[in-house]
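Structural features, examined
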Amino acid sequence: MPRRQGYSLLIALVAGTAALAAAVAFAGSLLFSGSGARPQQIAVPDPRSVARTPAAAAHSTGLWAATWTAAPATGVVDSYNSSALNRRTIRNVVHTSIGGDAARITLSNTFGTRPLVMDRVTVSTRPVTFAGSRTVTVAAGGQVVSDPVTVPVAADSDLVVTLRTPTARGPVTVHERSHQTSYVDTAWGTRRTDGWRYLTAVDVHTRTAAGTIAVIGDSLTAGTGSSLDTNSRWPDVLADRLGGRYGVANAGIAGNRILRDGLGGRGVRASARFEHDVLDVAGVKTVVVALGINDVQQSPQETDPQRIADGLRAMTRSAHAQGLRVVGATLMPYEGFATWTPGSDDVRVRVNALIRAGGVFDSVIDFDAAARDPHRPTRLRPAYDSGDHLHLNDAGYRQLGSMVDLPTLVPDRPTSDQL
């Protein structure tokens with residue numbers, strides 16, 4: 001489908017640092033350059049394609065809504081030595097869901113242990129400021145939201161948000177396993193990365209979209225098993241179907257659980273991050289929850305399905321307190337994966353029974369029914385299996401995204417306030 005062309009656009013957009021500086025000088029916009037010669041490795045955007053005049057300023061009409069998000073998952077220490085990391089430039093490539101005439105970004109130092117300094121930031125080569133300054137310091141454990149920058153943002157397109165840090169201080173707050181190629185420039189050259197660094201949200205000022213759907217999940221929402229640079233995660237498929245009427249903010253983290261913190265970059269427990277990663281999303285109208293399989297299958301395995309259902313119900317109550325509707329998904333089968341046991345599968349089946357019975361979510365998306373093998377319901381359909389028997393391939397994620405009933409996402413406000 002047309003939205004799946006993100007990889008081609010990425011190659012056209014992203015550039016090596018030396019050539020990038022030349023292109024930006026031609027366009028009259030500010031970008032980053034380090035001291036000394038730096039390698040020219042990747043083709044730059046054609047300067048003629050960069051808008052030279054600002055879009056119309058954002059007025060009182062319209063609203064701010066998230067076009068993209070990434071939940072901060074962990075802190076990592078870069079493998080390069082500190083001198084090579086000084087003045088490093090990070091080019092985060094993200095895929096938008098809705099467009100607008102202005103943008104603002106959120107930078108996170110959630111897992112940092114020292115203040116984070118950014119001395120140059122751009123969105124599509126347009127300079128970004130923070131309280132009027134082009135330099136910003138983000139406290140350890142904190143985040144900052146930029147001033148609005150007047151820049152046209154197209155729906156369903158790749159957007160480059162470039163950050164430069166003048167010193168090498170970490171750990172780096174990152175969302176790893178993004179299934180999207182981004183770039184880091186250092187004194188040692190340009191390297192590719194599949195992690196989004198420091199950037200956790202891009203909001204747009206829109207006059208056409210009505211708000212954003214916030215999705216919280218695990219690796220099955222983050223897109224494990226999907227093809228690199230194709231935007232084939234099921235929330236991307238959902239965004240395609242919404243056609244720019246609503247943004248989709250993906251807060252999936254691989255390995256994430258409801259009741260326990262994840263290990264090895266799997267994020268804090270969903271019940272603890274729910275407010276920050278979902279309820280605080282700009283313009284959020286509806287929440288979609290697709291969680292629980294890691295509570296079932298990861299060690300230590302949760303053996304009480306009621307505890308899992310209660311954790312899901314607590315998130316629903318929090319969303320209802322903000323007047324939001326909550327749509328939840330059943331848990332898909334995973335026989336053949338290393339951690340599968342008959343006992344854990346029984347817990348999964350019982351969680352699904354509680355979800356289907358009502359009283360957990362306002363409405364239910366039955367991912368289990370869509371993905372299971374009709375001849376062996378404890379396994380995924382072979383056509384949807386990525387090969388590890390837990391995660392889906394592109395066809396499987398396409399099926400999940402296509403089965404979400406759009407009218408259920410944003411009907412009247414929830415009435416089941418006693419859940």
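Note that the coordinates shown come from a computational prediction; the quantities given were computed from them, not determined experimentally.

**Here's the deal with the side chain of Asn 256**
Tracing the sequence through the fold places Asn 256 in the loop between β17 (247-252) and α6 (270-279). Of note is the side chain of Asn 256, whose polar atom sits 2.9 Å from the backbone oxygen of Val 268. Only 2.8 Å separates the side chain of Asn 256 from the side chain of Arg 273, close enough to count as a polar contact.

**Observations concerning the pairing of strand β18 (residues 284-290)**
In terms of residue burial, β18 counts as a mostly covered element, since six of its seven residues are buried. Sheet analysis places strand β16 (residues 212-217) next to β18, joined by six bridges and oriented parallel. Bridged to Ile 213 within β18 is Thr 286. With four bridges connecting them, β18 and strand β19 (residues 325-329) associate as parallel partners. Bridging across to β19, Val 287 finds its partner in Val 326.

**Let's talk about empty space enclosed by the protein**
Over the atoms rolls a probe the size of a water molecule, and in doing so it shows where empty space is left. Tallied over the entire structure, the rule returns six cavities of 30 Å³ or more. Put simply, the largest cavity is a space of about 230 Å³. Along the wall of the largest cavity there are 21 residues; nearest its centre are Trp 68, His 95, Arg 233, Asp 236 and Asn 250. Among the elements of the structure, β1 (63-69), α5 (234-242) and β17 are those that each provide at least two residues to the lining of the largest cavity. When residues of the lining of the largest cavity are assigned to their parent elements, the largest contribution, four residues, is made by α5. Class assignment for the residues of the lining of the largest cavity results in six nonpolar, 10 polar and five charged. When its volume is computed, the second largest cavity comes out at roughly 100 Å³. Class assignment of the residues belonging to the lining of the second largest cavity gives a composition of 10 nonpolar, one polar and one charged.

The rules we used
- Residues numbered from 1 in each chain as written.
- Predicted model: local features only at pLDDT ≥ 70, side-chain atom pairs only at ≥ 80, totals over all residues.
- Heavy atoms only, no water.
- Helix = DSSP H or I, 4+ residues; strand = E, 2+ residues; numbered from the N terminus.
- Polar contact = N/O pair within 3.5 Å; in protein donor to acceptor, adjacent residues only side chain to side chain.
- Buried < 20%, exposed > 50% of the residue type's maximum accessible area, 1.4 Å probe, protein only.
- Pairing = 2+ DSSP bridges.
- 1 Å grid on protein atoms, 1.4 Å probe; cavity = no way out; pocket = protein on both sides within 12 Å on 5 of 7 lines; lining within 4 Å.
- Points joined across faces, edges and corners; volume = space filled by probe spheres on them.
- Nonpolar A, V, L, I, M, F, W, Y, C, P; charged D, E, K, R; others polar.

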